[in-house]
Amino acid sequence: MRIVLGVTGGIAAYKAAELARLLIRSGHEVQAVLTRSAEEFIRPLTFASLTGRKVITDIFSSASPDATLSSAVEHIGVAQEHDLLLIAPATANTLAKLAHGLADDFLSTMYLAFTGPVVLAPAMNDKMWAHPATQANLVALRARGHYIVDPGTGFLACGTLGQGRLAENETILAAVEAAVEAALQPPVRDLKGEHLLITAGPTQEPLDPVRYLTNRSSGKMGYALAQAALERGATVTLVSGPVSLNPPVGAQVVQVRTAQEMYDVVIANLDTATTVIKCAAVADYRPAAASSEKIKKAGTPLTLELTPTTDILAELGRTKGNRILIGFAAETGNLRDYATRKLEAKNCDMIVANLVGGPDSGFESDNNEVLLALKGGEFIDIPKAPKAEIANRILDQIGRFRS
Ligand code: CTP
């Protein structure tokens, strides 16, 4: 693939040099474009040496007094001659310019003329990342189908600890490969126009500052659903409990910890959602009171008082309107009966029921084997398959509900 690597002005610009090398090693051709601010952090010569090509730094960089026309339309030529645009690092300013269509330098002008896949790897201070303006720009860019490689959490150049660090080069490379693959095979975009709100993973209910109640959910099923939905053209908001998975590129991911936090985030994101899939293994109970001090052992039995959490799915069932509502049921037996009961009790359109406790399906596994219980009394057995495959079979039902 012929890739334009846009580098914008952040401290992480130096990492883009290694990224250029990795892209070339993976067989891509790289045309580096540096913004003026990027040049403050890294020299064009570094990229020229790595890519073996002249680096573009300015909208009129190749202009000479008698060659005005060709240089003035260089951004169009570069846009037409390349297959993928990657911007890493992408500053808050660049995201804002792209989101609003401002064209005041080579990169932002070329972006407007570019029709291929766009991968953006933002990097900035954590407060700038969390700012509603930046988040609104990201929503707009995701809605355009751009891949956003979310920044990681760690120590930032400004000395604070938070989210904003440029994603690892390997993660960015994986997003580029995913975008390349998607571009090569025109995907089935049957969920275009749908906004899926998907919950995934376990919740953690604190007992004291060092202990919590949780369950064995790995989040893999919910993340597979988010990934498959994105590939099929949906906009995805993924509300995730604590898991150790890389978020799917292109999803808006909100991390939560407790059942109450999950409830709050789901309700806050409900307005625009057309389908809700409650895949998370939400705690049914939490400690009645979380101690602010570490609980000391006393050598005598300890009784914990637990209080029920809000059943998010049941609450959504009461106010669902035209939304498609899909719940999950993890059971150790009587799948049909329990699935049917939950379908009715929580007013869902479908319950995805799976047997847990077996050796290679359900929690933590890469495979799953489920029974779909649909409103109206239909059951569909989906035999053991990778979770990505199961996810697509579940999403197939959305089309049926809509027709
Ligand atoms: N769920 C939820 N909020 C909760 C508990 C569960 O939204 N506080 C959702 C889960 O995300 C899942 C579905 O409800 O989609 C099934 O959860 P489960 O705990 O298995 O069902 P319950 O109705 O609580 O029944 P039981 O625990 O008796 O099996």
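Just so it is clear, the structure is predicted and the values come from calculations on it, not from any experiment. Every chain is numbered independently, its residues counted from 1 as its sequence is written. Reporting of local features is limited, given that this is a predicted model, to residues whose pLDDT is at least 70; pairs of side-chain atoms are given and counted only at 80 or more, and all residues count toward the totals for whole chains, interfaces and linings. In computing side-chain properties, one takes all heavy atoms of the structure into account and sets aside hydrogens as well as water.

### Some remarks on the domain arrangement of the protein
Then, number 1: Split into domains, the protein comes out as domain 1 (2-184) and domain 2 (195-285 + 303-402).
Then, number 2: Domain start and stop positions are those given by an automatic or database domain assignment. In this structure, domain 1 and domain 2 have C-alpha centres spaced 35 Å apart.
Then, number 3: Between domain 1 and domain 2, the contact holds seven residues from the first and five residues from the second.
Then, number 4: Surface buried jointly by domain 1 and domain 2 totals about 550 Å² across both partners, of which 60% is contributed by carbon and sulfur atoms.
Then, number 5: Salt bridges are counted wherever a side-chain nitrogen of Lys or Arg sits within 4 Å of a carboxyl oxygen of Asp or Glu. In this structure, the connection of domain 1 to domain 2 is made through zero salt bridges.
Then, number 6: Under the rule applied, a polar contact is a pair of N or O atoms within 3.5 Å (in protein, one hydrogen donor and one hydrogen acceptor; residues adjacent in sequence only if both atoms are side-chain atoms). Inspection of the domain 1/domain 2 interface yields one residue pair in polar contact (both at pLDDT 80 or more). By the convention used here, residues are in contact when the closest approach between their heavy atoms is within 4.5 Å. The quantity reported as buried area is the accessible area (1.4 Å probe) lost by two parts once they are put together, taken as the sum for both.

### Thoughts on the environment of Leu98
Then, number 1: Under the scheme used here, helices are H or I runs from DSSP no shorter than 4 residues and strands are E runs no shorter than 2 residues, and both carry numbers assigned from the N terminus. Along the chain, Leu98 falls in helix H6 (residues 92-100).
Then, number 2: The contacts of Leu98, once residues within four sequence positions are left out, are Ile87, Ser108, Tyr111, Leu120, Leu141 and Arg144.

### Let's talk about helix H7 (residues 106-113)
Then, number 1: The rule is simple: take the accessible area with a 1.4 Å probe, protein chains only, and divide by the maximum for that residue type; under 20% is buried, over 50% is exposed, in between is partly exposed. Along H7, six of the eight residues are buried, which leaves the element largely enclosed by surrounding structure.
Then, number 2: Among the residues of H7, those classed as buried are Phe106, Leu107, Ser108, Thr109, Met110 and Tyr111.

### Some thoughts on the pattern of salt bridges
Then, number 1: A full pass over the atoms with the stated rule returns 21 salt bridges.
Then, number 2: Arg402 is the salt-bridge partner of Glu194, the closest N and O atoms lying 2.4 Å from each other. Residue Glu194 is located in the loop between helix H10 (169-184) and strand S8 (195-200), and its partner Arg402 is located in helix H15 (residues 387-402); the two are separated by 208 residues in the primary sequence.
Then, number 3: Taking the shortest distance from any N to any O, the salt bridge between Glu315 and Arg318 comes out at 3.2 Å. In this pair, Glu315 and Arg318 are both assigned in helix H13 (residues 312-318), three residues apart and thus about one turn of the helix distant.
Then, number 4: Residue Glu315 is classed as partly exposed on the basis of its relative accessible area of 22%.

### Focus on the layout of surface pockets
Then, number 1: Of the volumes computed, that of the second largest pocket is approximately 740 Å³.
Then, number 2: Counting only elements with at least two residues in the lining of the second largest pocket, the list comes to helix H11 (220-231), H13 and strand S16 (324-331).
Then, number 3: For the lining of the second largest pocket, a count of residues per class yields 14 nonpolar, twelve polar and eight charged. A cavity, in this analysis, means grid points on a 1 Å lattice covering only the protein atoms where a 1.4 Å probe fits yet has no way out; a pocket is instead an open set bounded by protein on both sides within 12 Å along at least five of seven lines, and a residue lines either one if it has an atom within 4 Å of a point. Grid points are joined across faces, edges and corners, and a volume is the space filled by probe spheres set on the points. In this classification, Asp, Glu, Lys and Arg are treated as charged, Ala, Val, Leu, Ile, Met, Phe, Trp, Tyr, Cys and Pro as nonpolar, and every other residue, Gly included, as polar.

### Let's talk about the site of the ligand
Then, number 1: Near the ligand there are 14 residues, and of these Lys278, Ala280, Leu313, Phe328 and Lys342 occur at the shortest range.
Then, number 2: One of the backbone nitrogen or oxygen atoms of Ala280 is found 2.7 Å away from an oxygen atom of the ligand.
Then, number 3: Leu313 places a polar main-chain atom, nitrogen or oxygen, 2.8 Å from an oxygen atom of the ligand.
Then, number 4: Method for areas: the Shrake-Rupley scheme with a 1.4 Å probe, in which residue coverage is limited to the protein chains shown. When the ligand sits alone it has 570 Å² of accessible area, and the protein chains cover 76% of it.
Then, number 5: Among the cavities detected, the one that contains the ligand is the second largest pocket.
Then, number 6: Listed by contribution, the elements that provide at least two residues to the shell around the ligand are H13 and S16.
Then, number 7: Here the shell around the ligand is composed, by residue class, of six nonpolar, three polar and five charged. If a single non-hydrogen atom of a residue is within 4 Å of a molecule or strand, that residue counts as near it. Any molecule with more than half of its atoms within 2 Å of a cavity's or pocket's grid points is counted as sitting in it.

### Observations concerning unusual backbone geometry
Then, number 1: A cis amide bond links Ala88 to the next residue, Pro89, at an omega of -5°.
Then, number 2: Structurally, Pro89 is set in strand S3 (residues 84-90).
Then, number 3: We note that Asn334 has phi near 50°; this positive angle belongs to a residue other than glycine.
Then, number 4: If you trace the backbone, Asn334 turns up in the loop between S16 and helix H14 (335-345).
Then, number 5: Positive phi outside glycine occurs at Asn347, with the angle close to 55°.
Then, number 6: Mapped onto the elements of the fold, Asn347 is located in the loop between H14 and strand S17 (350-355).

### Topic: a nonpolar patch on the surface
Then, number 1: On the surface, a cluster of nonpolar side chains totalling about 410 Å² of accessible area is made up of Tyr285, Leu302, Leu304 and Leu306.
Then, number 2: Counting through the fold element by element, Leu302 comes out in the loop between strand S14 (285-287) and strand S15 (306-308).
Then, number 3: For Leu302, a relative accessible area of 63% translates into the label exposed. Like charges are joined within 9 Å and nonpolar side chains (Val, Leu, Ile, Met, Phe, Trp, Tyr) within 5 Å, but only among residues with over 30% relative accessible area and no salt bridge; these make up the patches.

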